[in-house]
Amino acid sequence: MDNSYHAVMSRKKEILKRATGIDYDKFEISPITFDYEGLMNSCEYSLEDVQRILQETGVGNTPLVELKNLTELVRSISLPGRGGRIFIKDEAANPSGSFKDRRAALSIFHAKKLGYKGVVAASSGNYGAAVASQAAKRGLKAIILQEVYDSRKVGQPEILEKTRACEAYGAEVWQLTVGPELFYIMLRVLEETEFFSASLYVPTSVGGIDTLGYELGEQVFQKEGRFPDMAIITHAGGGNVTGTARGLKKAGSHNTIVVGVSVDLQGLHMASDIDFNRKSFTTGHTGFGIPFLTWPDRTDVPRNCARGLRYLDRYLSVTQGEVFYTTELLAKLEGIERGPAGNTSLAAAISLARELDRDQILVVQETEYTAAGKLPSSQLTFAKENGIEVRRGDPKENIPGKVIVIPERVDQIEVEDIDMEKIRHSYIERAMKMTESYVPTQEDIQFLAEDSKTSFDYVRETLESLNIKTANSASRLVRGREA
Amino acid sequence: MADAKRGDLAQIHKIVLEPDQRPDNLPSCTKSVPYECWIKGFLIDENANVGDEVKITTFIGRELSGILYQVSPIYDHNFGEPQKELVSIGNEVRKQLEKS
């Protein structure tokens, strides 16, 4: 068989159909529109089913902890009457130490039910460990593909720890150098092994996270008699935002403001061999967060079930230094030592709580385990070795890939709003670019409005501003010929 | 004596794609180097030295071949060095809490 890059990529559709058990074509309505809810429900697991399946392998039902000392600290720098209550969902209590167990648990259960002998996942983060752990528990084989090294064979400490964890759970791990060809390797391995693709973006992976939003809504309601005012979510590929928001709605919490947060790594190229080790965060950063909002289907399955833009009310960035500082606060004031992922949204919570009244509730919806390679001390040692300047000061002086500034005081932690208008606009523009000559119908406008959490009129006006003609009826025309 | 014998924990190295086989839309620093990988398993060959073409059985029982890169590779990521930019943060915020 021809295993060259282009030959394998051209077999993508057949490979993925066999490896996911999903005929994505069935959900396509037009080049733009697809049946999102139909795809999400295609595996036919109710929320109760998912909860039961997760419980079988010890996933979920994690504690919700109020961070009283941290809230006190925030109040000491807030205006009188301000300083919302900060809670954290301690997802590190899951078997492999992160919320990713929820994503893996349902996918692995599903793979086994469909008769697959093993699973493949491309992940340099907690998800790989979660897949390996769940596969061990269910008796399936796991292959994890990780982007680990630059061309000097220097590896990100956080990812080296993930290699160790995956191998500890008995997985075959491919440690790869920098490059988007991770997807090519994934296709080759799927074709060779006939294993299940435990992609982060299949319906079962996103469906598993619904339980997190649901638990969180219920736990806050049971404790406080009300739903949280804000759910703060570290955002990368969009699954965490999507599942949490969907779960909150299922719990009956319709007014919780859904806030996404990423570490600001703007200016660093994600496929660059040189920039790779100038990052001190390997996920939960803008390098994934922004492109996955403006083009969710850029992923390893034909349609991505993780669609952050559908659910986000607000999107914020924090700096690397602010997250390292926050990690120290959580350990020293609350006695909880955790990894970077949840501390990204916690850094944002410290800033946001100052805007809220004292009786309002913010929930940071994840923590992750920490270990060698994942601590601020290992990340900063590595940063210095790679020529990054680290100092105390005003975090506004942070420059991704050049300077990490650790705040001197807690009041210096200040979130930056990422312009949602701009993101929605580029999402629509991208959708038009991807479908070049196709003329969008009224139905497509409706889909784009839902997918970008805007309105029919907003999309229509955006298309007008882009000089895109639209069809009046649902008929399919070719752009340029007639509209 | 050979570096490794049958059954030893071994790491193989493979060039997955040479630079000219990689897609064109990569940054030049990435496009100019090969796409490589390392995989661990147990040596199948009776005896082998680093640099030899060998076969391994991976942790899930698959047979793969590549160049023997390392025998009994260790995990050497660590907790890093103490960071002067971090060590005083705890006491600073404790003091602030006591004041308020």
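In case you missed it, the structure is sitting above this.
These numbers come from a predicted model, not from an experiment.

### Some thoughts on the packing of aromatic side chains
All names here are of chain A.
Here is step 1: Taken as a whole and assessed by the stated rule, the structure comprises eleven aromatic pairs over all chains.
Here is step 2: Between Phe34 and Tyr36, the aromatic rings sit 6.1 Å apart at their centres with planes inclined by 80°, giving edge-to-face as the arrangement. The same class applies to Phe34 and to Tyr36, which are both buried.
Here is step 3: Aromatic ring contacts, followed pair by pair, group Phe34, Tyr36 and Phe447 into a single cluster.
Here is step 4: The side chain of Arg298 reaches across the aromatic face of Phe292, ending 5.8 Å from its centre.
Here is step 5: Positioned over the ring face of Tyr369 is Lys374, at 4.8 Å from the centre of the ring.

### Considerations on the packing of helix α4 (residues 47-56) of chain A against helix α10 (residues 203-224) of chain A
Residues and elements named next belong to chain A.
Here is step 1: Their axes nearest at 9 Å, the elements α4 and α10 cross at an angle of 95°. In terms of their interaxial angle, α4 and α10 are classed as roughly perpendicular. The residues of α10 that touch α4, namely those facing Leu47, Val50, Gln51 and Leu54, are Gly207, Gly208, Asp210, Thr211 and Tyr214.
Here is step 2: In terms of residue class, the contact of α4 with α10 is made up of four nonpolar, four polar and one charged.

### Details of the pairing of strand β5 (residues 53-58) of chain B
Residue and element names in this part refer to chain B.
Here is step 1: Of the two faces of β5, the one lined by Val54, Ile56 and Thr58 is fully buried and the one lined by Glu53, Lys55 and Thr57 carries no buried residue.
Here is step 2: One ladder, built from three bridges, connects strand β3 (residues 35-43) with β5; its direction is antiparallel. Following the sheet pairing, Gly41 is matched in β5 by Thr58.
Here is step 3: As paired strands, β5 and strand β6 (residues 63-71) are joined by five bridges and run antiparallel to one another. When the bridges of β6 are listed, Ile56 appears paired with Leu64.
Here is step 4: Connecting β5 to the next strand, β6, in antiparallel fashion are four residues, including Gly61 with a positive phi near 90°.

### Thoughts on the nonpolar core
Here is step 1: By size, the foremost hydrophobic cluster in this structure holds 64 residues, and its most contacted members are Val119, Val131, Leu448 and Val459 of chain A.
Here is step 2: In this structure, Ile86, Val318, Leu356 and Ile406 of chain A belong to the second largest nonpolar core, which totals 45 residues.

### Focus: the state of the cysteines
Here is step 1: Enumeration according to the criterion identifies zero disulfides over all chains in this entry.
Here is step 2: Here Cys43 of chain A is not cross-linked by a disulfide; its sulfur's nearest cysteine counterpart is in Cys305 of chain A, at 8.1 Å.
Here is step 3: Cysteine Cys166 of chain A shares no disulfide, and the gap to the nearest cysteine sulfur, in Cys37 of chain B, comes to 15 Å.
Here is step 4: A residue is classified by how much of its surface remains accessible, and Cys166 of chain A, at 0% relative accessible area, is buried.

### So, the packing of helix α16 (residues 420-434) of chain A against helix α18 (residues 456-465) of chain A
Residues and elements named next belong to chain A.
Here is step 1: At their nearest, the axes of α16 and α18 sit 10 Å apart, and the two run at 65° to each other. On the basis of their axis angle, the class for α16 and α18 is roughly perpendicular. In the packing of α16 onto α18, the handedness of the crossing is right-handed. Judged by residue contacts, Glu421, Arg424, His425, Ile428 and Met432 of α16 engage Tyr458, Val459, Thr462, Leu463 and Ser465 from α18.
Here is step 2: Residues belonging to the contact of α16 with α18 are distributed by class as follows: five nonpolar, three polar and two charged.

What counts as what
- Residues numbered from 1 in each chain as written.
- Chains lettered and ligands numbered in written order.
- Predicted model: local features only at pLDDT ≥ 70, side-chain atom pairs only at ≥ 80, totals over all residues.
- Heavy atoms only, no water.
- Phe/Tyr/Trp six-rings, centres within 6.5 Å; stacked < 30°, edge-to-face > 60°.
- Buried < 20%, exposed > 50% of the residue type's maximum accessible area, 1.4 Å probe, protein only.
- Lys NZ or Arg CZ within 6 Å of the ring centre and 35° of its normal.
- Axes fitted to C-alpha atoms, helices over the stretch in contact; angles between N-to-C directions.
- Helix = DSSP H or I, 4+ residues; strand = E, 2+ residues; numbered from the N terminus.
- Parallel < 35°, antiparallel > 145°, perpendicular 65-115°, else oblique.
- Contact = heavy atoms within 4.5 Å.
- Nonpolar A, V, L, I, M, F, W, Y, C, P; charged D, E, K, R; others polar.
- Pairing = 2+ DSSP bridges.
- Core = buried A, V, L, I, M, F, W, Y, C linked by side-chain atoms within 4.5 Å.
- Disulfide = S-S within 2.5 Å.
- Left-handed = near helix turned anticlockwise from the far one by under 90°.

All quantities given are derived from atomic positions and should not be read as evidence of function.
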